[in-house]
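Observations on the three-dimensional arrangement
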Amino acid sequence: MVLHGGPGSGCNLSMLDWFDLSRQRVILLDQRGAGKSVPAGGLTHNTTADLVSDIERLRKTLEIARWSVVGGSWGSTLGIVYAGSFPQSVSSLILRGVFLASRRETHWFFQSLAALVPQAWLQLTANWTMQQKIDVLQSLTSLLHNGTPIEIQDAAQRWNDYEIAIMQAMTGLVAPQRANEIGKLIGKYRLQSHYLSQHCFLSARAIFHHAKVANKIPAVIVHGTHDWICPPENVILLQRFMPHAAVQWVEKGTHTASDPAICAALGSAVRDMLQYY
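Keep in mind that this is a model prediction, so the values were computed, not measured.

Here we take up the nonpolar core. Membership of the largest hydrophobic core comes to 67 residues, with the highest contact counts inside it found for Leu 93, Trp 159, Tyr 162 and Leu 238. Top contributing element to this core by residue count: helix α7 (residues 149-171), with seven residues. Apart from the residues within four sequence positions on either side, Tyr 162 is in contact with Phe 109, Phe 110, Leu 113, Val 117, Ala 120, Trp 121 and Leu 124. Core analysis: the second largest hydrophobic core is formed by 16 residues, Val 2, Ile 94, Ala 265 and Ala 269 among them.

Let us look at the packing of helix α6 (residues 136-146) against α7. One way to put it is that α6 packs onto α7 with a least axis distance of 8 Å and a crossing angle of 140 degrees. Here α7 runs oblique to α6, going by the angle between their axes. For α6 against α7, the interelement crossing comes out left-handed. In this structure, α6 uses Leu 137, Leu 140, Leu 143 and Leu 144 to contact α7, whose residues at the interface are Glu 151, Ile 152, Ala 155, Ala 156 and Trp 159. Its residues assigned to classes, the contact of α6 with α7 comprises eight nonpolar, no polar and one charged.

With respect to topology, six strands assemble into an open sheet ordered β2-β1-β3-β4-β5-β6, the strand pairing being parallel. The open sheet has two edge strands, β2 (28-29) and β6 (246-250), and neither has a second partner. Relative to strand β3 (residues 67-72), helix α1 (residues 48-61) is tilted by about 145 degrees, and along the sheet it contacts β1 (2-3), β2 and β3.

Once that is clear, we can look at α1. With 14 residues, α1 should cover 20 Å at 1.5 Å per step; its first-to-last C-alpha distance of 20 Å lies within 8% of that length. Residues of α1 that are buried: Thr 48, Leu 51, Val 52, Asp 54, Ile 55, Glu 56 and Arg 59. Of the surrounding secondary structure, the elements contacted by the buried residues of α1 are β1, β2, β3, α2 (74-85) and α8 (182-196). Just downstream of α1, Glu 63 is the residue with a positive phi angle, here 55 degrees.

Further remarks concern the side chain of Ser 76. One can find Ser 76 in helix α2. Setting aside its immediate chain neighbours within four residues, Ser 76 contacts Gly 71, Leu 95, Arg 96, Gly 97, Val 98 and Phe 99.

Right, let's get into the environment of Leu 51. Looking at the secondary structure, you find Leu 51 in helix α1. It is 32 Å that separates the C-alpha atoms of Leu 51 and Ala 120, two residues lying 69 residues apart in sequence. With near-sequence residues (within four places) excluded, Leu 51 lies in contact with Gln 31, Arg 32, Asn 46, Trp 74, Leu 78 and Tyr 195.

Attention shifts here to the pairing of β6. Pairing of strand β5 (residues 219-224) with β6 involves five bridges; the strand directions are parallel. Opposite Val 222, over in β6, you have Gln 248 as the bridge partner. Crossover connection from β5 via helix α10 (residues 233-239) to parallel β6: handedness right-handed.

Attention shifts here to the pairing of β5. Counting buried positions over the six residues of β5 gives six, a clear majority of the element. By the alternation rule, side chains of β5 split into Ala 219, Ile 221 and His 223 and Val 220, Val 222 and Gly 224, which are all buried. Alignment of strand β4 (residues 90-96) against β5, held across four bridges, turns out to be parallel. Bridge pairing in β5 links Leu 93 to Ala 219.

For the coordinates displayed, the defined rule picks out nine aromatic pairs. Consider the rings of Phe 109 and Phe 110, whose centres lie 4.8 Å apart with planes at 85 degrees: the pair is edge-to-face. Exposure remark for Phe 109: the relative accessible area of 9% places this residue in the buried category. For Phe 110, a relative accessible area of 1% translates into the label buried. Following the ring pairs from residue to residue traces out a cluster consisting of Phe 109, Phe 110, Trp 159, Tyr 162 and Tyr 189.

This part is about the pattern of salt bridges. Charged atoms that come close allow side chains of opposite charge to pair. Across all of its chains, the model carries six salt bridges by this definition. We note a salt bridge from Arg 32 to Asp 54, for which the minimum N-O separation is 2.6 Å. Taken together, the residues Arg 32 in the loop between β2 and α1 and Asp 54 in helix α1 connect sequence positions 22 residues apart. The exposure class assigned to Arg 32 is partly exposed, which follows from its relative accessible area of 28%.

Let's shift gears to the side chain of Glu 105. Relative to the helices and strands, Glu 105 is located in helix α3 (residues 103-110). Look at Glu 105: it is buried, it has no salt bridge, and the nearest opposite charge is Arg 104 at 4.1 Å. Within the structure, Glu 105 has its side chain in polar contact with the backbone nitrogen of Ala 101 (distance 3.1 Å). Ignoring sequence-local partners within four residues, the contact set of Glu 105 consists of Val 98, Phe 99, Leu 100 and Asn 234.

What counts, and where the lines are drawn
Residues numbered from 1 in each chain as written. Predicted model: local features only at pLDDT ≥ 70, side-chain atom pairs only at ≥ 80, totals over all residues. Heavy atoms only, no water. Core = buried A, V, L, I, M, F, W, Y, C linked by side-chain atoms within 4.5 Å. Buried < 20%, exposed > 50% of the residue type's maximum accessible area, 1.4 Å probe, protein only. Helix = DSSP H or I, 4+ residues; strand = E, 2+ residues; numbered from the N terminus. Contact = heavy atoms within 4.5 Å. Axes fitted to C-alpha atoms, helices over the stretch in contact; angles between N-to-C directions. Parallel < 35°, antiparallel > 145°, perpendicular 65-115°, else oblique. Left-handed = near helix turned anticlockwise from the far one by under 90°. Nonpolar A, V, L, I, M, F, W, Y, C, P; charged D, E, K, R; others polar. Pairing = 2+ DSSP bridges. Expected span 1.5 Å × (residues − 1). Right-handed = clockwise from strand over helix to strand, strands pointing away. Phe/Tyr/Trp six-rings, centres within 6.5 Å; stacked < 30°, edge-to-face > 60°. Salt bridge = Lys/Arg side-chain N within 4 Å of Asp/Glu carboxyl O. Lys, Arg positive; Asp, Glu negative; His and termini not counted. Polar contact = N/O pair within 3.5 Å; in protein donor to acceptor, adjacent residues only side chain to side chain.

This is the structure:
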């Protein structure tokens, strides 16, 4: 079972590259409102608890006794909560680019990261008031949910351009230009802001409680040393509650699973976990 990031990003077929499809059955789940799920960008009855229930309902529907869960970024958070809620359903856990849904992380991404990508941050906040710049996430959330159609489109485009600029600065590579429909971007970022502005409907205490329960499950954590989006310190914090998880630091690895070093590490982790099926 693969849990995508975002929230709201959806799955893509490149995720299958981590697996040996001759030996493994892989399920890619587009979470509520994301990818091919309908209604696209839907926010009603869309919380972390709803997603966890969906995952377990899918397992039962497919009549799978236990499965390995692979989650990246936001998917790692969801994987921890799911494994902590239904430990009897999970044979192994693979977490990539650990995200803990904290105020510290959203402040880092939307405010402090300006120190590393100043031009990108200036473009993100161009023509905004000082008050809007003080809390970028809240400003984007307000525009995406309460703005005029033009303001909504502009906010979604700003967020997308900011993410692309960070990826380029982090990897040193120019991202391929993709023709993203503005409607899809709006759905993605309205959903992402819905979660992030509410700290993904989780408290630090709840996440670490689930991590402590999930610590009984064989687990591997894959994290890049040069991940600017989900700071490496997240792994150190998580290890306090999952001390038995094997940590695979990827030297100079970044955040995206399309990073060749991260992709290779994920493939290795998946192979290592085969023994627990």
